[in-house]
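As a plain string of letters, each chain reads:
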Amino acid sequence: MSGITYQRGREPHPKEHRVVFRNVDRVGWDTGIDTFLKEGGYEQLKKALGMERSAIIDEVKKAGLRGRGGAGFPCGVKWTFIPPGNTKPVYLICNADESEPGTFKDRYILHQDPHQLLEGMIIACFAVGAKLAYIYIREEFPEAAQIVEKAIAEAHAKGFLGKDILGSGFDLEIYVHRGAGAYICGEETGLIESLEGKRPYPRIKPPYFPAAMGLYLCPTIVNNVETLCHVKHILEMGGEAWAQTGTKNNTGTRILCVSGDVKKPGYFEVEVGKVTMGEVINDMCGGLKDGRKLKAVIPGGSSAKVLRADETFTVGRGDDARQLTIRDIPMDFDTMAACGSMAGSGGVIVIDDSRSISWVLNNLNNFYAHESCGQCTPCREGSLWMKKITDRVVAGKASPADIDTLYGVAKNIDGRTICAFGEACSWPTESFVEKFRDELVADTKPELEGALVSAEPLTAAAGLR
Ligand SMILES: Cc1cc2nc3c(=O)[nH]c(=O)nc-3n(C[C@H](O)[C@H](O)[C@H](O)COP(=O)(O)O)c2cc1C
Ligand code: SF4
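No experiment lies behind these values; they were computed from the predicted model shown.

Moving on to the overall build of the chain. From N to C terminus, the chain includes 17 helices and 13 strands. Relative to the globule expectation of 23 Å for 465 residues, the C-alpha radius of gyration of the chain, 23 Å, shows essentially globular dimensions. Expressed as lengths along the three principal axes of its C-alpha atoms, the size of the chain is roughly 80 × 45 × 45 Å. For the chain, buried positions account for 53% of its 465 residues. Once local pairs closer than 6 in sequence are excluded, the contacts in the chain between residues at least 24 apart make up 71%.

Once the domains are mapped, the chain shows domain 1 (33–244), domain 2 (252–352) and domain 3 (357–461). A C-alpha centroid distance of 28 Å is found between domain 1 and domain 2. With 17 residues of domain 1 in contact, the opposing surface of domain 2 contributes 17 residues. Classifying every residue of the side of domain 1 that touches domain 2 by side-chain character gives 6 nonpolar, 6 polar and 5 charged.

Another aspect to go through is the sheet that holds strand E3 (residues 173–178). Ordered in space as E3-E2-E1-E4, the 4 strands form an open sheet in which the pairing is parallel. Every interior strand has two partners, whereas the edge strands, E3 and strand E4 (220–224), have only one. Here the average twist between neighbouring strands, direction ignored, is 20 degrees. In terms of strand pairing, strand E2 (residues 130–137) meets E3 through 6 bridges, oriented parallel.

Residue placement: Val 90 occurs in strand E1 (residues 90–96). For Val 90, a count of 20 C-beta atoms within 10 Å puts it in the buried group. Sequence separation between Val 90 and Leu 215 is 125 residues, and the spatial gap between their C-alpha atoms is 8.7 Å. Discounting chain neighbours no more than four positions away, the residues touching Val 90 are Ile 82, Val 128, Gly 129, Ala 130, Cys 218 and Pro 219.

This part takes up the packing of helix H14 (residues 377–394) against helix H15 (residues 400–413). It is the contact of H14 with H15, at a shortest axis distance of 9 Å, that shows an interaxial angle of 160 degrees. Looking at the two axes, H14 sits roughly antiparallel to H15. At the point where H14 passes H15, the crossing takes the left-handed sense. Contacts between H14 and H15 involve Pro 378, Cys 379, Gly 382, Trp 385, Met 386, Ile 389, Thr 390, Arg 392 and Val 393 from the first element and Asp 402, Thr 405, Leu 406, Val 409, Ala 410, Asn 412 and Ile 413 from the second.

Glancing now at the pairing of E2. By the criterion of burial, E2 is predominantly enclosed, with 6 of the 8 residues buried. In terms of strand pairing, E1 meets E2 through 7 bridges, oriented parallel. Residue pairing across strands places Ile 93 opposite Tyr 134, the latter belonging to E2. Following the backbone out of E2, through helix H7 (residues 142–157) and into the adjacent parallel E3, one traces a crossover that is right-handed.

Right, let's talk about the site of ligand 1 for a bit. Of all residues adjacent to ligand 1, which total 25 residues, the nearest are Gly 67, Gly 69, Gly 186, Asn 224 and Thr 227. At the level of elements, E4 and helix H16 (421–442) are the ones that each hand at least two residues to the shell around ligand 1. In terms of residues, the shell around ligand 1 owes the most to one element, E4, which gives 3 residues. A class-by-class count of the residues in the shell around ligand 1 yields 10 nonpolar, 9 polar and 6 charged. For the shell around ligand 1, the domains that each give at least three residues are domain 1 (33–244) and domain 3 (357–461).

Here we take up the packing of helix H3 (residues 53–63) against helix H6 (residues 114–128). Between H3 and H6, whose axes approach to 8 Å, the crossing angle comes to 120 degrees. With respect to their mutual orientation, H3 and H6 come out oblique. Every pair of crossing elements has a handedness; the one defined by H3 and H6 is left-handed. In this structure, H3 contributes Arg 53, Ile 56 and Ile 57 to the contact, and H6 contributes Ile 123, Phe 126 and Ala 127.

In this structure, Met 121 and Val 280 are the most contacted members of the largest nonpolar core, which totals 138 residues. Among the elements that make up this core, the one with the highest residue count is H6 (10 residues).

Neighbouring ligand 2 are 14 residues, the closest being Cys 373, Cys 379, Thr 417, Cys 419 and Phe 421. Class assignment for the residues of the shell around ligand 2 results in 8 nonpolar, 5 polar and 1 charged.

Before going further, it helps to spend a moment on the sheet that holds strand E10 (residues 307–308). Strand order in the open sheet made by the 5 strands is E8-E7-E13-E9-E10, with mixed pairing throughout. The outermost strands of the open sheet, each flanked by one partner alone, are strand E8 (266–271) and E10. Two elements, strand E7 (residues 253–260) and strand E13 (residues 347–352), share 4 bridges in a ladder whose sense is parallel. Paired with Ser 259 across the strands is Ile 349, a residue of E13.

It is worth spelling out the pairing of strand E12 (residues 322–325) at this point. By the bridge criterion, 4 bridges tie strand E11 (residues 312–315) to E12 in an arrangement that is antiparallel. Counted as the bridge partner of Thr 312 is Thr 325 from E12.

Excluding glycine, a negative phi dihedral is what most residues carry, and trans is how most peptide bonds are arranged. Of note, the bond from Lys 205 into Pro 206 is cis; its omega dihedral lies within 30 degrees of zero at -10 degrees. Along the polypeptide, Pro 206 turns up in the loop between helix H8 (188–195) and E4. Put simply, Pro 206 and Pro 207 share a cis peptide bond, and its omega is 10 degrees. Turning to its location among the elements, Pro 207 is positioned in the loop between H8 and E4. Notably, Asp 164 is not glycine yet its phi reads approximately 50 degrees, a positive angle. One can find Asp 164 in the loop between H7 and E3. Look at Asp 164 and you get exposed, because 10 C-beta atoms sit within 10 Å. One non-glycine residue, Asn 249, lies in the positive phi region at around 70 degrees. By the element assignment, Asn 249 lies in the loop between strand E5 (246–247) and strand E6 (250–251).

Definitions and cut-offs
Residues numbered from 1 in each chain as written. Chains lettered and ligands numbered in written order. Predicted model: local features only at pLDDT ≥ 70, side-chain atom pairs only at ≥ 80, totals over all residues. Helix = DSSP H or I, 4+ residues; strand = E, 2+ residues; numbered from the N terminus. Rg over C-alpha atoms; globule rule 2.2 N^0.38 Å. Buried ≥ 20, exposed ≤ 12 C-beta atoms within 10 Å, placed from the backbone. Contact = placed C-beta atoms within 7 Å. Domains from an automatic or database assignment. Nonpolar A, V, L, I, M, F, W, Y, C, P; charged D, E, K, R; others polar. Pairing = 2+ DSSP bridges. Axes fitted to C-alpha atoms, helices over the stretch in contact; angles between N-to-C directions. Parallel < 35°, antiparallel > 145°, perpendicular 65-115°, else oblique. Left-handed = near helix turned anticlockwise from the far one by under 90°. Right-handed = clockwise from strand over helix to strand, strands pointing away. Near = placed C-beta within 6 Å. Core = buried A, V, L, I, M, F, W, Y, C linked by C-beta atoms within 7 Å.

And the structure:
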């Protein structure tokens with residue numbers, strides 16, 4: 001990027017387009033407010049405070065910014081869900097739980113550019129009328145919490161937070177809340193319960209859509225760290241100009257986190273839909289490890305459905321229909337959904353031919369069985385059953401029929417739970433069985449058909465944790 005130098009070996013790839021990550025790994029950059037102010041920091045806040053609240057929301061809508069936390073829901077539209085005529089306090093929560101395996105972008109923003117987030121949050125709070133906001137930072141990020149606390153104190157000292165911000169009459173406090181160390185604390189209603197000091201049992205939606213009934217049953221906007229950072233850039237560029245980056249309905253930039261079997265894993269901010277999976281793996285990440293072949297990719301965090309390397313995907317309809325290989329898939333929300341998976345949190349997990357599919361799936365199932373909050377039966381029991389079955393597969397103690405049972409368990413979780421964790425834990429199993437059944441079956445033993453075999457001690461097999 002012009003005028004900016006980056007630490008050696010950490011320069012952005014030429015195919016990147018850095019906006020939110022502009023200052024990440026930058027030489028001479030630090031998290032202090034003076035550095036931020038020297039580069040035009042808090043100027044967009046000053047502009048926002050002179051605007052009508054609805055005009056700010058309109059800019060965010062025009063930008064078409066979609067949430068970067070996982071679901072890709074339009075941010076400006078969410079902000080309008082606060083009930084008209086509401087008389088209760090409105091809250092804003094920044095979701096910095098970053099718990100989705102394969103995702104490691106928010107941490108870099110918190111560590112290296114906390115004022116960018118604060119500026120975005122203050123503008124968002126002003127727009128939605130929130131006078132109190134929280135940054136829910138996952139328990140595993142203690143350093144991030146300290147850095148953000150310091151940034152909040154600096155913003156306070158300069159009059160960007162507190163009473164009568166910059167003489168505008170607008171009051172706002174932002175507090176850091178340390179997470180409780182569970183994946184489910186990233187689910188927005190579980191997060192809200194946790195923030196209220198309770199066990200993070202997700203709430204049923206409807207009626208508990210946070211924008212209508214969130215924290216303390218008051219209207220609450222929950223947005224991801226990266227989403228909130230974009231707000232200041234949208235004001236700076238104007239919604240329409242911002243929407244010129246990226247592609248139609250998939251506007252702006254987003255940060256991809258690539259892990260797994262590539263030569264150079266890492267984070268890359270790209271225009272949404274302007275780079276393909278092949279470019280990400282082969283160009284940006286230096287390709288697969290020597291002598292290896294691509295086997296599969298999980299494209300949007302561990303709960304996204306797996307894509308097989310040799311699949312052909314049909315996207316578009318009628319005259320617009322086209323066939324894509326995995327390498328042709330543009331990294332955007334809609335195409336990834338059309339290919340049967342999701343762009344999710346931007347965590348791309350690359351799997352090469354050295355990996356056993358049974359091992360990969362078992363790894364995922366271990367995670368989900370551990371992280372289910374236990375509130376609803378299909379998820380609590382099913383996630384554990386799926387783990388136990390794949391435990392048996394990797395231990396060489398499963399029969400071919402176990403793979404059908406595994407699939408049946410996943411199908412019976414999907415769509416039958418209080419929160420989307422149910423899908424998050426069943427989609428890996430569903431998609432792995434649908435796409436790699438032969439390999440999973442090959443790891444089983446036909447002679448065990450009908451036998452009651454466990455890879456675990458009896459108590460665990462009986463469901464006693
Ligand atoms: C099981 C589960 C875990 C989640 N974890 C996170 C997370 O760590 N960070 C996050 O921003 N969103 C997470 N989400 C999505 C949030 O519920 C919510 O949609 C998001 O924070 C909204 O922000 P956005 O609209 O800016 O994307 C999770 C969702 C589920 C179902
Ligand atoms: S789906 Fe799972 S994580 Fe979500 S509420 Fe039910 S038991 Fe808890």
